[in-house]
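# Fold and geometry: a report
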Amino acid sequence: MHRAAHHPPMTLTQKILAHHARGLSRPWVQAGDILQLRVDWTLASELAWNGMERTYQRLGRPGVHDPGRFFLAVDHTVDEVTLRTDAKAQRLTAQARAFAQEAGLRHFQDANVTILHTKFYRELVQPGQVVLGADSHTSSHGGLGAFSIGLGGADVTAALVLGQSWLEVPEAIAVEYEGEPAFGIGGKDIILKTLGELGRNTVALERSVEYRGSAVRAFSTDMRFTIANMTAEFGGLNGIFEADETAARWLSQRSGNQDEALYFQADPDAPYVARHRIALDRLGPLLAKPFSPDNVMEVEGAVGMALDGCFIGACTTSEEELVLAALVLEQALQGRSPLPPSPRKLMVPGDLSIAARLRQTGLWAVYERAGFRMGAPGCSMCLGVASEKARPGEVWLTSQNRNYENRMGAGSLAWLASAATVAASSVAMTVADPRPLLARIDRGRFLQLLGRPDPSRPIEVRRAEPAVAVENPPASASSPSSQGHRRLTGRVQRFGDHVDTDAIIPGEFCHLMDMEEIGRHAFHHVRPAFHARAQAGQTLVVAGEGWGSGSSREHAVWALQGAGIQAVIARSYGFIHKRNLVNEGLPYLVVKAPAFHALVEEDAALEVDLAAGTVRHLASGQTFEAERPSAIVQALHQEGGLTAAIERHGPRVFEALSTQ
Ligand SMILES: CC(C)[C@H](C(=O)O)[C@@H](O)C(=O)O
């Protein structure tokens, strides 16, 4: 083992990756390196486990690498009503329970105890760890300085079984926050500001996003959580904050789970491809209009807009936000009688421990007096699959992280905001600026209600450098040159930019496991003719930037395959979806040429030569070149996907793939 004392400068992410890499040929990593990675933790929900179980079964139920390092929580589809009445939720729950028993999992969270990310962040993750979760918001754990990413079920199952994965070291950007945000302007407003200024699936796409700048020292661990969480909406591969005294103080409150913390720091001249400065001093409350989280506006522009519902909850809404929103409601209710209970105001805490604290501190009762109903911990309305849904045409203000079309239920219109803004708006059920109410809150009381460690208490943070295992001479990357040897012809189904995986297959179909049935629901709401067109020969998808961004659902690939799609051609892809395409063996091509995108229309006939990596537009005879996939991606394609590769190579699969 080397201590990488003399290495080219590395980012924080690169240091964590170097520390976890196996078989490096030199004691550092740089963007573009393909790594075999030791994985500390895998995570999943019952909904993702459904797909993972299929891979696990195909692998012959081989047992898990470490039953103490898989965190499985039943949170996505369950609430009191679905648990009682919905056979889908019951089946998914039973399946997760049965696996927890079979594998002897130490960290199984049964229905409605927590949201996957909430408990894992608060109690388990440690700085410097590598975490792979079958959920896109696994990015959240970068808030405590872990390298934590969402991946599809096949990738996470592989890591669950083998304790390893592979990764191409991403390029990195720095988002540098400057200035002190006003009291009550928290993580949600800051990440919405970031999304509004920089755009989703742009500068962050497939890159590490390192959150830095003079302002971040004062960000609480909850603020960091929310910002890292919505790195998924930003389009980043991972989002991360350097673990510092604030992180160490949070860890020191735990009864255990702090002994592996590694306090890496980016080198001063770390190779960021860009630095983006975001000023926070004049930041006010923001909203994101439907149907995109970067469709951001100031709250002032919507004040008075009528609301059909207010939802405070989902993973992105931290304890701090729930406490602050309660204090906003308390101020709003001063001098007036309680509001009548309303089915259109719902608050769902992320974890039973948060619910308990809200009860102890009297804040639960404040929500009640403000007319809110409270639900048991879970994703609730955020995914549109639990019992609470917005109805068609309804406008909901919500503190969740996604406002895609149909996200809270078919035909719903979700506007995103901080919990404080949702709380202020819930009083008259019209959008309201929370600042007059925030101004009346006693900050000392807010901190005391939160019960966080005293920020002035000194704490020692021992900076770490990666311990790098150098084992191999550089792998001779002979390059198999294709995604198979086939030539495909077909006609095009044409899409624009930012087609998210919720559009490809809505959450309500993510419990299905029959490929043809899943295929029949591809683009169920937004392009119902997709399946029929594919069946009639429009079997090639051509899209713009960020195809398949959003969630990690493997169903998005299965829907395409089930409908009969032969290949996808796009300018760029959501990182997780791209891996899912590779794992499931559905060819994808990256074609950036503007001339191609100007030329190819709906129904155009194309010939795709997978071996050559070219696409020919048959009517004009013009040929366009696709970017060449990395050697490991080509190798995976030749193996027929990840599961087939594991079946063939066993535990040495990543080694075999990287040297093929
Ligand atoms: C169902 C799950 C795979 C998905 C995700 O990965 O994000 C969900 O949590 C979501 O928010 O859409």
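Residues numbered from 1 in each chain as written. Predicted model: local features only at pLDDT ≥ 70, side-chain atom pairs only at ≥ 80, totals over all residues. Heavy atoms only, no water.

- Per an unreviewed UniProt entry, the protein goes by the name 3-isopropylmalate dehydratase and belongs to Stigmatella erecta.
- Quoted verbatim from the Function (unreviewed entry) heading of the UniProt record, the comment on the protein is "Catalyzes the isomerization between 2-isopropylmalate and 3-isopropylmalate, via the formation of 2-isopropylmaleate."
- Looking at the Subunit (unreviewed entry) heading of the UniProt record, one finds this comment for the protein: "Heterodimer of LeuC and LeuD." (UniProt positions renumbered as here; feature names shortened; annotations may be inferred.)

### Comments concerning the environment of leucine 599
- As for its position among the elements, leucine 599 is in helix H22 (residues 594–599).
- Sequence spacing of leucine 599 and glutamine 622 is 23 residues, and the spatial spacing of their C-alpha atoms is 9.5 Å.
- With sequence-adjacent residues up to four places away left out, leucine 599 is seen in contact with His617, Ser620, Gln622 and Phe624. (Helix = DSSP H or I, 4+ residues; strand = E, 2+ residues; numbered from the N terminus. Contact = heavy atoms within 4.5 Å.)

### So, the site of the ligand
- The ligand sits among Leu47, His76, Ala134, Asp135, Ser136, His137, Leu383, Arg402, Arg407, Ser551, Ser552 and Arg553.
- A distance of 2.8 Å is found between an oxygen atom of the ligand and a side-chain nitrogen or oxygen belonging to serine 552.
- In the model, an oxygen atom of the ligand is placed 2.9 Å from a nitrogen or oxygen of the arginine 553 side chain.
- Coverage of the ligand by the protein amounts to 95% of the 310 Å² it exposes when considered alone.
- When atom positions are compared with the pocket grids, the ligand is found to occupy the largest cavity.
- Class assignment for the residues of the shell around the ligand results in three nonpolar, five polar and four charged. (Near = heavy atom within 4 Å. Polar contact = N/O pair within 3.5 Å; in protein donor to acceptor, adjacent residues only side chain to side chain. Areas by Shrake-Rupley, 256 points an atom, 1.4 Å probe, with all protein chains shown as cover. 1 Å grid on protein atoms, 1.4 Å probe; cavity = no way out; pocket = protein on both sides within 12 Å on 5 of 7 lines; lining within 4 Å. Sits in = over half its atoms within 2 Å of the grid points. Nonpolar A, V, L, I, M, F, W, Y, C, P; charged D, E, K, R; others polar.)

### Details of the sheet that holds strand E10 (residues 172–178)
- On the basis of which strands lie adjacent, the open sheet formed by four strands has the order E12-E11-E10-E13 and parallel pairing. The sheet terminates laterally at strand E12 (238–241) and strand E13 (272–279), the two strands that pair on one side only. Put simply, the sheet's adjacent strands are angled 20 degrees from each other on average, direction ignored.
- Here strand E11 (residues 208–212) pairs with E12 via four bridges, running parallel. What sits directly across from tyrosine 211, in E12, is phenylalanine 241.
- Across the face of the sheet, helix H1 (residues 12–20) comes into contact with E11 and E12 while running at roughly 100 degrees to E12. (Pairing = 2+ DSSP bridges. Axes fitted to C-alpha atoms, helices over the stretch in contact; angles between N-to-C directions.)

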